Amino acid sequence: MDITLTLPSKSEQAVVTQAVRHDYFCFDGGSHIFQVENTLYKLYQDLLSRASDFFANMFKVPQPEGTQNSGSTDSYPIILPDIEVREFDNFLAWLIPSIPRVDRNVEYWADVLRIADLYMVERAQEEARQEIQTRVRYLKEKPALVMSLALRFDLRDWYNYAFRAFLQESMLNISRADAEKIGMGCVLAIFKTHALIQEYRQSFAFIPPKVHHAPHCRDRQGCAAALDDGWWKQVGRDLLNPRYPISCTDVLEKLDSYWFIGMGPECWNLTRLEMNLDSFQGEETIIKTTLDRLLTNL
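What comes next is a walk through the structure.

Quick notes on the rules
Residues numbered from 1 in each chain as written. Predicted model: local features only at pLDDT ≥ 70, side-chain atom pairs only at ≥ 80, totals over all residues. Heavy atoms only, no water. Helix = DSSP H or I, 4+ residues; strand = E, 2+ residues; numbered from the N terminus. Buried < 20%, exposed > 50% of the residue type's maximum accessible area, 1.4 Å probe, protein only. Contact = heavy atoms within 4.5 Å. Areas by Shrake-Rupley, 256 points an atom, 1.4 Å probe, with all protein chains shown as cover. Patch = residues over 30% accessible without salt bridge, like charges linked within 9 Å, V, L, I, M, F, W, Y side chains within 5 Å. Salt bridge = Lys/Arg side-chain N within 4 Å of Asp/Glu carboxyl O. Pairing = 2+ DSSP bridges.

## Some words on the overall build of the protein chain
Secondary structure assignment for the protein chain yields 14 helices and four strands. Within the protein chain, the fraction of its 298 residues that count as buried is 44%. Long-range contacts, defined as pairs at least 24 residues apart, comprise 60% of the intrachain contacts of the protein chain with a sequence gap of at least 6. As displayed, the protein chain has an accessible area near 17,200 Å², and 50% of this comes from carbon and sulfur atoms.

Encoded structure:
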């Protein structure tokens, strides 16, 4: 394992001197000073070494002769690059359970998992993955977070869940922050899939199923006109509702609740029996086709 201590250069000294000590994670008995962004931490070598081979090996790296020991003072901290203060705080909150209570939500566990992966803290990796897994089903309102985790850790079931959750939302709700988390490729796939589903629903709402008349039907033209009118006014209203639209699969489950004035019940029952049930799965086919392509490229 290649362990490199990052020491502040002279040009970085001004930045280091501007760094401030963390309000909590600066322990009087701490042995080493670390810097994340512009925040300093004074932590215990033993605590970090027991948690991670990465830190244990880092502390064994000999210092060049005649140089200031890395991590010995606020002016010569061990710099941990490419992580954020929030992430490191949450990791330390996991590592030191005695700290004041923190909100251990999915964002917390995502931070723990990222730092644990970066610094090879196996116990934190396992626990964070388990905790996130139990929370995924409750994160419909945060699909970008779930998808970003799925992309980062190659979790295909999470990706499937998040992709479908996005499709339940208005495309206007996808923010720039969401796009940064999941990438423009995913965003474009979501927009395209959403558009294809809307086109399919519009066609499904506008074109009723083929009428099958009972043998004794006396007004076949009126019967067909009743289905055409009622299908648009009832099924179309459900599918194209701007606030609470339902899917074509939901329409299939609601067929018993639709009634078409002017169409005989025998004709409607026969029409239902002869319907092409695969047509109700069109949306699902669109989603699965897109997901198969995306997951192949993960």
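## So, helix α7 (residues 143-153)
Extensive coverage of α7 is indicated by the burial of nine of its eleven residues. Of all the positions in α7, only Pro143, Ala144, Leu145, Val146, Met147, Ser148, Leu149, Ala150 and Phe153 are classed as buried. Looking at the residues trailing α7, positive phi occurs at aspartate 154, about 55 degrees.

## Examining a nonpolar patch on the surface
Judged by side-chain polarity, Phe206, Ile207, Trp232 and Leu240 come together as a nonpolar surface patch covering roughly 430 Å² of accessible area. With respect to the secondary-structure elements, phenylalanine 206 resides in helix α10 (residues 184-206).

## Side note on the pairing of strand β2 (residues 32-36)
Counting buried positions along β2 yields five of five residues, so the element is predominantly enclosed. Of the two faces of β2, the one carrying His32, Phe34 and Val36 and the one carrying Ile33 and Gln35 are both buried. Pairing between β2 and strand β3 (residues 39-43): five bridges, direction antiparallel. When the sheet's bridge partners are listed, phenylalanine 34 is paired in β3 with tyrosine 41. Hairpin connection between β2 and β3: a loop of two residues separates the two successive antiparallel strands, and glutamate 37 in this loop has a positive phi of roughly 50 degrees. One ladder, built from two bridges, connects β2 with strand β4 (residues 78-79); its direction is parallel.

## Overview of the pattern of salt bridges
Per the stated rule, a full pass over the model turns up ten salt bridges. The salt bridge partner of lysine 142 is glutamate 107, with a shortest N-O separation of 2.6 Å. Placement of lysine 142 in the loop between α6 (122-135) and α7 and of glutamate 107 in helix α5 (residues 106-119) is noted, with a sequence separation of 35 residues between them. Note on lysine 142: relative accessible area 32%, which makes it partly exposed. Looking at glutamate 107, the relative accessible area reads 28%, which means it is partly exposed. Measuring nitrogen to oxygen at the nearest pair gives 2.6 Å for the salt bridge that ties arginine 272 to aspartate 256. Placement of arginine 272 in helix α13 (residues 265-273) and of aspartate 256 in the loop between α12 (248-254) and α13 is noted, with a sequence separation of 16 residues between them. Arginine 272 gets classed as partly exposed once you look at its relative accessible area, which sits at 28%. One connected set of salt bridges, linked through shared partners, spans Glu84, Arg86 and Asp111.

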